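Structural overview for review
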Amino acid sequence: GGSLVDRFGNNGLLGASFYLKTKKNWVMGMEGGYLFGNKVKEDGVLDNLKTEQGFIINSAGTPSETKLNERGYLVSIKAGRIFPVLPFTEVKLGKNPNSGIMLVCGPGFLQHKIHIVSDAPQLGGDYKKGYDRLSYGAAVSAFLGYLFLSNKRLLNFYFGLDYVQAWTKNRRGYNYDTMQYDTAKRTDIMTGVKAGWILPLYKKVPDEFYYN
C-alpha cells in the first residue's frame, strides 16, 4: 500500500524474533526479517541503457541477463499483551494460560531497494546505485493474532494479521535514468498474514501451573 504499491508487487518477509513474557502476560521483544519479492513495477528504470530492440548489451556485445527483484529488511521493537480469556467473556482460549489473543506493536526501521543482477558493465559496482532506488526510514508495526503454547512443549505457534507503515525516501539522492535528484518523501504500507513457530524457554517446570 501507499507509495510502495507503485514500485513493487506482493512480497514476503522471513525472519526471527525474541520475546519475554511476564507472569501477567505482558510481552516485549524485538523482531528482524529479510524482505523479498520478484515483481518490480518500476522496470523502466533501465530504459536509458537499452538499445532500440529493448536489450542491454554486455561487455561481450550480446544481450545481457539482467534481473530486477525487491530486497530489503525490517527490524522492530514491540510490546503488548496476551489475552488468555476472550475479552468481555469468561471463555478461555486454551488449556495453557500462556495461550490466547496476542496484540503487539512498536517502532522500527524499514529498508528496501531494487536488487539488480546483471552481467552488463553499465550496472556493475557503484553504477547500479544510480538505479536501485535504495530507500529507508522509520516505521511502526502492529500484530494481532492467536498465540498457542502446548502443555507438552511440542506444538507452539502463532498466526494473525500484520501491519507495517514506514516513512522513507530515496537515499541515493540522484537517479541516473531520470537525471534528477529524488528527494520525495514516501509513506510505505505493508499488510499481510503472519505465522511463526515458537521455541519456548521456561524458568520453571510447566506442569506446576499449566493445569487447572
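A few points on the structure. Note on numbering: residues in each chain are counted from 1, in written sequence order. In view of the model being predicted, local features appear only for residues whose pLDDT reaches at least 70, and side-chain atom pairs are presented and counted only at 80 or more, with totals across whole chains, interfaces and linings using the full set of residues. As a rule here, side-chain values cover all heavy atoms of the structure and leave hydrogens and water aside.

Quick look at the pattern of salt bridges now. Pairing between side chains of opposite charge can happen when their charged atoms approach one another. The rule for a salt bridge is simple: a side-chain nitrogen of Lys or Arg has to be within 4 Å of a carboxyl oxygen of Asp or Glu. This model, assessed by the stated rule, comprises nine salt bridges. Here Asp-162 and Lys-78 are joined by a salt bridge, their closest N and O atoms 3.7 Å apart. Of the two residues, Asp-162 is situated in strand β6 (residues 156-170) and Lys-78 in strand β3 (residues 67-83); the sequence distance between them amounts to 84 residues. Here the two residues Asp-162 and Lys-78 agree in accessibility, since each one is buried. With its nearest N and O atoms 2.8 Å apart, the salt bridge here joins Arg-172 to Asp-132. Of this pair, Arg-172 sits in the loop between β6 and β7 (174-175) while Asp-132 sits in the loop between β4 (100-117) and β5 (135-149), and the two are 40 residues apart along the sequence. Each residue is placed in one exposure class: buried if its accessible area under a 1.4 Å probe, protein chains only, is under 20% of its type's maximum, exposed if it is over 50%, and partly exposed if it falls in between. Look at Asp-132 and you get buried, because its relative accessible area is 3%. Numbering of helices and strands starts at the N terminus; helices are DSSP runs of H or I of at least 4 residues and strands are runs of E of at least 2.

Our focus in this paragraph is the sheet that holds strand β2 (residues 26-37). Paired strands, in this sense, are two strands between which DSSP finds at least two bridges. Ordered in space as β1-β2-β3-β4-β5-β6-β9, the seven strands form an open sheet in which the pairing is antiparallel. The two strands at the open ends of the sheet, each matched to only one other strand, are β1 (12-21) and β9 (185-197). Shown here is a sheet whose adjacent strand axes are inclined to one another by a mean of 15°, direction ignored. In this sheet, β4 lies alongside β3 in antiparallel orientation, the contact comprising 15 bridges. Each axis is a line fitted through C-alpha atoms, taken for helices only over the stretch in contact, and angles between the N-to-C directions span 0 to 180 degrees.

A few words on the side chain of Gln-165. Among the structural elements, Gln-165 can be located in strand β6. By relative accessible area, which is 19% here, Gln-165 ends up buried. The contact rule is simple, with two residues in contact once any of their heavy atoms fall within 4.5 Å. In contact with Gln-165, not counting residues within four places along its chain, are Ala-138, Ala-139, Val-140, Thr-187, Asp-188 and Ile-189.

Moving on, we come to the pairing of β5. Pairing of β4 with β5, which is carried by 13 bridges, proceeds in the antiparallel orientation. Each residue of the ladder has a partner; that of Val-104, found in β5, is Phe-143. Relative to β6, β5 runs antiparallel, the two being bridged by 15 bridges. Its bridge partner being in β6, Tyr-146 is matched across the sheet by Phe-159. Two successive antiparallel strands, β5 and β6, enclose a turn made up of six residues, where Arg-153 displays a positive phi of approximately 70°.

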